2 protein chains.
Amino acid sequence: MRSKIVQDGQKKKTSFIEEARRRQIVEGAISTIASAGLSQASLARIAQDVGISKGVISYHFAGKDELIQQVINALFTETNRFIKSRVDQAPDAPRRLRAFIEASFEFMAANRANFVTLVDIWGSFGSPEAKRRFNADMYDPCRHHLEGILRRGQESGDFRDFSPATLAATVQGAIDGVMLQWVFDEEAIDLADCAAELVTMFDLATRRRA
Amino acid sequence: MRSKIVQDGQKKKTSFIEEARRRQIVEGAISTIASAGLSQASLARIAQDVGISKGVISYHFAGKDELIQQVINALFTETNRFIKSRVDQAPDAPRRLRAFIEASFEFMAANRANFVTLVDIWGSFGSPEAKRRFNADMYDPCRHHLEGILRRGQESGDFRDFSPATLAATVQGAIDGVMLQWVFDEEAIDLADCAAELVTMFDLATRRRA
DNA sequence: TTGGATTCTGGCCATGCGGTCAAAAATTAG
DNA sequence: CTAATTTTTGACCGCATGGCCAGAATCCAA
């Protein structure tokens, strides 16, 4: 797998094909989990869907745990990068908050399998310790991003006085909660309507009172 | 298990001890899932935690599927009954909405294991069909309850004009999303603060504009 | 071309699972 | 007390899983 002599070869520790395979397997895993559920997504099933032998997964990943971890990383980094790019284009705090919410829902609508998979994985952290780790590694950065937007909006005088941490958790929660219902049944929830409702609601809730 | 001659004995189809055992096993399952995760909650583990033999579960339940279904039923009926009792005490729509939100968080704080278990089970519905069934059986009634509150508030003139279905999904989503983060790490989220924030936010968002 | 390193295959294994069962224990009825 | 019935036990089964590995195939530099 890795070179034996050139063990610390600067930046090129992994070959091109290595990274391509890992990406392929991670994307295949997301697809399989989304359509069949995590409980049915055995290594054999994932390998079959991708069209490779089961051993390839074991060869490129330390185990199923690492594969799932990479899936989580892929889901979060993709989503966050998209949201961040939209937020950064907005000129002031109120519009950055609005961009955050709208980008979240736009990305959801375009990548439903990612969120079906995410919800499946949510329930797979056995120990309380594993749950805390997931929260610290994946969720906290999102909340911090939001918190920064809110805090700067207060400093600029656009937002009223509130606890940025609490409101960040509330915004994140509202987005995720609507997303959850949409994952269960996409026809039961109108994403665009909910997004618009959340945008106006949080605008009302954050703007400085006259 | 059941009487053989008195097969249609009016209302008493299940004995007293039968129901007691079922309740005991369901509660044990909730506790085991909350502390170890659904993936580790085998029938053997649950039986061990309860202090009975594995076969007893198979004797009182058709299989693990039925047990999990009963767990879900227990979680939702308990929660909904509490919320409904609080909502029914409120005199008008705005206060009923407030009671709904506050009761949700009050029940959460007092029954954390229930919600840890619920989140674990959320991800266990493999097929899209199973997800839809769960949504229709468990989630829709909650949304309908909320929708009724909102609609009556519009009819009475307390609330502005909005889509009751969309706003019901939004309220439910906001509650569940905050709950989710709290399940991952209870110290990262201040439930009381979030509840207060949601109450004032949805009050602002629903009240009729002057 | 050649030889070593990398990547892939398909079968194998130990483990733990849900479920079943005959027999033992406990409970209830007569 | 005794017999019938319900309930519990612990061992057992078939099965699917994640992980492993020897050898085949492929790639790549010399």
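Residues numbered from 1 in each chain as written. Chains lettered and ligands numbered in written order. Predicted model: local features only at pLDDT ≥ 70, side-chain atom pairs only at ≥ 80, totals over all residues. Heavy atoms only, no water.

Under an unreviewed UniProt entry, the name given to chain A is Transcriptional regulator, TetR family, and the source organism is Nonomuraea pusilla.

Draft legend 1. Looking closely at the interface of chain B and chain A. Counting from both sides, the interface comprises 46 residues of chain B and, opposite them, 46 residues of chain A. Roughly 3,900 Å² is buried in total at the junction of chain B and chain A, and carbon and sulfur atoms are behind 61% of that figure. Here chain B is connected to chain A by eight salt bridges. E197 of chain B is the salt-bridge partner of R160 of chain A, the closest N and O atoms lying 3.0 Å from each other. Viewed at the interface, chain A and chain B are joined by eleven residue pairs in polar contact (both at pLDDT 80 or more). Where the side of chain B that touches chain A is concerned, the elements lending two or more residues are α1 (16-36), α6 (112-122), α7 (128-155), α8 (164-184) and α9 (191-206) of chain B. Of the residues forming the side of chain B that touches chain A, the biggest block, 13 residues, is contributed by α8 of chain B. (Contact = heavy atoms within 4.5 Å. Buried area = accessible area lost by both parts, 1.4 Å probe. Salt bridge = Lys/Arg side-chain N within 4 Å of Asp/Glu carboxyl O. Polar contact = N/O pair within 3.5 Å; in protein donor to acceptor, adjacent residues only side chain to side chain. Helix = DSSP H or I, 4+ residues; strand = E, 2+ residues; numbered from the N terminus.)

Draft legend 2. Region of interest: the environment of A165 of chain B. Within the element layout of this structure, A165 of chain B appears in helix α8. For the pair A165 of chain B and G148 of chain B, spaced 17 residues apart in sequence, the C-alpha to C-alpha distance is 9.2 Å.

Draft legend 3. Structural detail: the domain arrangement of chain A. Residue and element names in this part refer to chain A. Each domain of chain A was delimited in the assignment, giving domain 1 (13-61) and domain 2 (71-206). A separation of 28 Å is found between the C-alpha centroids of domain 1 and domain 2. Taken together, the contact between domain 1 and domain 2 spans seven residues of the former and ten residues of the latter. Across the domain 1/domain 2 interface, buried area totals approximately 670 Å², and carbon plus sulfur atoms make up 79% of it. On the surface where domain 1 and domain 2 come into contact, there are zero salt bridges. At the surface where domain 1 touches domain 2, the tally comes to three residue pairs in polar contact (both at pLDDT 80 or more). Its residues placed into classes, the side of domain 1 that touches domain 2 shows six nonpolar, one polar and no charged. (Domains from an automatic or database assignment. Nonpolar A, V, L, I, M, F, W, Y, C, P; charged D, E, K, R; others polar.)

Draft legend 4. Quick peek at α6 of chain B. When you tally the buried positions in α6 of chain B, you get nine out of eleven residues, the bulk of the element. Buried within α6 of chain B we find N114, F115, V116, T117, L118, V119, D120, I121 and W122 of chain B. (Buried < 20%, exposed > 50% of the residue type's maximum accessible area, 1.4 Å probe, protein only.)

Draft legend 5. Spatial organisation of the relation of the copies chain B and chain A. Overlay of chain B on chain A (RMSD 0.1 Å): rotation 180°, translation along the axis 0.0 Å. When the rotation and shift are considered jointly, the pair of chain copies conforms to a two-fold rotation axis. A shared interface surface links the copies, since 100% of the contact residues of chain B are contact residues in chain A too. (Least-squares fit on C-alpha atoms with pLDDT ≥ 70 in both.)

Draft legend 6. Representation of the pattern of salt bridges. Tallied over the entire structure, the rule returns 26 salt bridges over all chains. Between D140 of chain A and R143 of chain A there is a salt bridge, with the nearest N and O atoms lying 2.7 Å from each other. Within this pair, D140 of chain A and its partner R143 of chain A are both found in helix α7 (residues 128-155), separated by three residues, close to a single helical turn. On the basis of relative accessibility, which here comes to 25%, the residue D140 of chain A falls in the partly exposed class. Of the residues examined, R143 of chain A reaches a relative accessible area of 5% and is grouped as buried. Here E186 of chain B makes a salt bridge to R112 of chain B, at a shortest N to O gap of 3.6 Å.

Draft legend 7. Highlighting the UniProt feature "domain: HTH tetR-type" (unreviewed entry) in chain A. Sequence positions flagged by UniProt for "domain: HTH tetR-type" (unreviewed entry) are, in local numbering, residues 19-79 of chain A. Secondary structure content for residues 19-79 of chain A is 80% helix and 0% strand, while the C-alpha to C-alpha distance between its ends is 20 Å. (UniProt positions renumbered as here; feature names shortened; annotations may be inferred.)

Draft legend 8. Representation of the layout of surface pockets. Of the volumes computed, that of the largest pocket is approximately 1,100 Å³. Lining the largest pocket are 38 residues, with L38, D120, G123 and S124 of chain A together with S39 of chain B positioned closest to its centre. Those elements that place two or more of their residues in the lining of the largest pocket are α4 (64-89) and α7 of chain A together with α4 (64-89) and α7 of chain B. Here the lining of the largest pocket is built from residues that sort into 15 nonpolar, 13 polar and ten charged. In this structure, the second largest pocket spans a volume of roughly 360 Å³. Around the second largest pocket, the lining comprises 21 residues; the ones closest to its centre are T79, N80, I83, C142 and Q172 of chain A. Secondary structure elements with two or more residues in the lining of the second largest pocket: α4, α5 (93-110), α6 (112-122), α7 and α8 (164-184) of chain A. For the lining of the second largest pocket, the leading source of residues is α4 of chain A, giving six residues. Looking at side-chain class alone, the lining of the second largest pocket contains 13 nonpolar, six polar and two charged residues. (1 Å grid on protein atoms, 1.4 Å probe; cavity = no way out; pocket = protein on both sides within 12 Å on 5 of 7 lines; lining within 4 Å. Points joined across faces, edges and corners; volume = space filled by probe spheres on them.)

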